[in-house]
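Each chain is listed here by its residues.
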Amino acid sequence: MQRLDRIVESSARSLAQRTSRRSFIGVLGRILTGSLLIPLLPIDRIQRAEAATGPEGSPGKMPAAAKGKSAGKPYTEDQQNCEYWKYCAIDGFLCSCCGGTSSSCPPGTATSPITWIGTCHNPGDGRDYIVSYNDCCGKTSCGNCECNRNEREKPMYRPSRNNDLNWCMANADSNYHCSVSVILGVAEK
Amino acid sequence: MRSFQAWAALLAMMTSGWAAASEPLPPDQFGMEPLPARTPHWIYVVDSAFMNETDSRVRVYDADTHGHLGQIDAGFFPGVTLSPDRNTMAVGTTYFARGGHGERTDVVEFTDMTTLAIDGEIVLPAKRAQATPTYFNLGYSSDGRFLYAAYITPAASFGVLDPAARKVLGEIDTAGCVLVIPWGPDHVSSICDSGRLLTVTLDAHGNEASRALSDMFFDVETDPLFVQGIPTDQGYTFLSFLGQVHEVAFSGTEPVFRPPWSLLSAAEAGHWRPGGQQLGAIQRRLGRLYVTMHRGGEGSHKKGGTEIWVFDLSTHRRIARWPVAALKLGPVSALQVSQDEAPLLFLASDNPAAVATVDALTGQLRHTDTNLGQTPWQILNP
């Protein structure tokens, strides 16, 4: 036992002679910083998101890192799915199912110059984004992928946060076709 | 075999003989069915036709006979209201010159509710609020002299119309407050983002005589008010997202707010919420409030009711909970109650698209009709 004590004491003194306390803190800092950066690498997030998404983009379980504000809700990266994070206050037909994308109108429609605004949480990177819900106008209802979500939506007396209004209203041809969700920027905390 | 053929020949001779002996059907008289006299058990179902919104319509339905009596075309994002004598339906709507596209025409069309024929119109400036149906998109003054149309461009104002002369009288800016709540012969209130009501008083010509802003009676940040008011004897009752009941009297010189009360017990608060498109109705004779309720939270305020809760308005006590699943109906997005002595409750769901008729005293199902439109978001009494 005394021999074991001597070996440990010898190793500790040797280590102390070769290294400083500052270098120890530096190594520890690198380890901690590295471990914090790993979850932010895009490959890691995407793989986890894909693993969480069910077959053909159906809602899946949310990645562990994405839990928080939207905990318990289905998670998907599928932009034709109503549960896609950017659609948190959309009301209408998803343009991504009508010949457009989640942020662009289908061919031959007219973009609406006025809009309502939402704040949606992206579980993929943990950020809140301000999005504008623009309507695509000038053709009759697309009818595909009906989606009505109302997170932080307010009644008509606050028009900028309301989705009960036809936001093609200011277009020369105000017929409503479908809706998109356009990222404007990261929401300030 | 020969015997079978003989019997078959005899049978054929007998049947052809009988056919020849009976009288032929008389020629049909092609014409149009008259509309029967309306009863308190009729309803007007506003189908917003969400899958093809340029084709909204109002269906006339008799809940006693389960009869589909007729239809009123309602165009695009209609606002629907009845004249004080209930003999005229005014539909504020939009049409496009080429069906789904083309030049926009905003118009109020008047339908004679004894014939269902359109008998006039007023063309509006292209400002009409194109919004989901409420009582306050379009409304008559209590004497029928004026008709008011809510405008949102998104700047908010309202048009003052003369329904008798079929013309627009003018437009009144509402400083960001929206919709038209007509009361008395000359008052119009609008709901403001500040949690107040703006009330404009008109002169005899439909011009603004004065305006007044009420005290704040709700907070849009903490507990917004649904804009779908429920008619009462004195005015309208409004529900909030979190289940507060705001009773507003519109019968004096200015709106009077009674102290709000809650639909929810302490244990239910935060778990149950009102929701839908037309989320409440009051049977005035019984003093009962019917509300579509669901389990929900932030953002669930447009979910239809999985239960109908019934309240006694004099005691604020809940007297019944009726689960919708027992009626084989989807979440209820709109409801209405008849005002007669044998009241019926009408419950509409989107999925499946159906309207159920229920005994308003017991909650017992009488009938379910699945042919009253794809998105029946508002039901009016005749």
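Fair warning: this is a prediction, and the values are worked out from it, not measured in the lab. (Residues numbered from 1 in each chain as written. Chains lettered and ligands numbered in written order. Predicted model: local features only at pLDDT ≥ 70, side-chain atom pairs only at ≥ 80, totals over all residues. Heavy atoms only, no water.)

J.: Before we go on, may I ask you to explain the state of the cysteines in this structure?
T.: Simply put, the disulfide is a covalent bond whose two ends are the sulfur atoms of two cysteines. Residue and element names in this part refer to chain A. Tallied over the full model, the rule gives eight disulfides over all chains. Here C82 pairs with C147 through a disulfide, and the sulfurs are 2.0 Å apart. For the disulfide bridge between C82 and C147, the dihedral angle about the S-S bond is near 75°, and by the sign convention the bridge is right-handed. Here C147 lies in strand β5 (residues 146-148) and C82 lies in the loop between α3 (42-52) and β1 (91-93), a separation of 65 residues in the sequence. (Disulfide = S-S within 2.5 Å. Helix = DSSP H or I, 4+ residues; strand = E, 2+ residues; numbered from the N terminus.)

J.: For this particular structure, what's the right way to read the interface of chain B and chain A?
T.: Accessible area lost upon the coming together of the parts is a frequently used measure of interface size. Opposite the 36 residues of chain B that make contact, chain A presents 32 residues. Summed over both partners, the interface of chain B with chain A buries about 2900 Å², with 54% contributed by carbon and sulfur atoms. Broken down residue by residue, the surface that chain B buries against chain A is led by F50, M51 and K302 of chain B, which jointly contribute 21%. The tally of links between chain B and chain A comes to four salt bridges. Residue K302 of chain B is joined to D164 of chain A by a salt bridge in which the shortest nitrogen-to-oxygen separation is 2.9 Å. Summed over the shared surface of chain B and chain A, the number is 17 residue pairs in polar contact (both at pLDDT 80 or more). Secondary structure elements with two or more residues in the side of chain B that touches chain A: β3 (67-82) and β11 (178-183) of chain B. Its residues assigned to classes, the side of chain B that touches chain A comprises 18 nonpolar, twelve polar and six charged. (Contact = heavy atoms within 4.5 Å. Buried area = accessible area lost by both parts, 1.4 Å probe. Salt bridge = Lys/Arg side-chain N within 4 Å of Asp/Glu carboxyl O. Polar contact = N/O pair within 3.5 Å; in protein donor to acceptor, adjacent residues only side chain to side chain. Nonpolar A, V, L, I, M, F, W, Y, C, P; charged D, E, K, R; others polar.)

J.: Just to check I follow, could you spell out the sheet that holds strand β7 (residues 138-140) of chain B for this structure?
T.: Paired through their backbone hydrogen bonds, the strands of a sheet run either parallel or antiparallel. Residue and element names in this part refer to chain B. Pairing is antiparallel across the open sheet formed by four strands, whose spatial order is β7-β8-β9-β10. Two strands close off the open sheet at either side, each with one partner strand: β7 and β10 (167-173). Sheet twist, expressed as the mean angle between neighbouring strand axes with direction ignored, is 25°. Of the pairings in the sheet, the one linking strand β8 (residues 147-152) to strand β9 (residues 156-162) comprises six bridges and is antiparallel in character. Bridging across to β9, I152 finds its partner in A156. (Pairing = 2+ DSSP bridges. Axes fitted to C-alpha atoms, helices over the stretch in contact; angles between N-to-C directions.)

J.: In this structure, what is going on with the sheet that holds strand β5 (residues 104-112) of chain B? I would like to understand it.
T.: Residues and elements named next belong to chain B. Strand order across the open sheet formed by seven strands is β6-β5-β4-β3-β2-β1-β29, with antiparallel pairing between neighbours. In the strand order of this sheet, the two ends are held by β6 (117-124) and β29 (376-380), each with one partner. Across the sheet, the axes of successive neighbouring strands diverge by a mean angle of 35°, strand direction being ignored. Relative to β29, strand β1 (residues 42-47) is paired through four bridges, and the arrangement is antiparallel.

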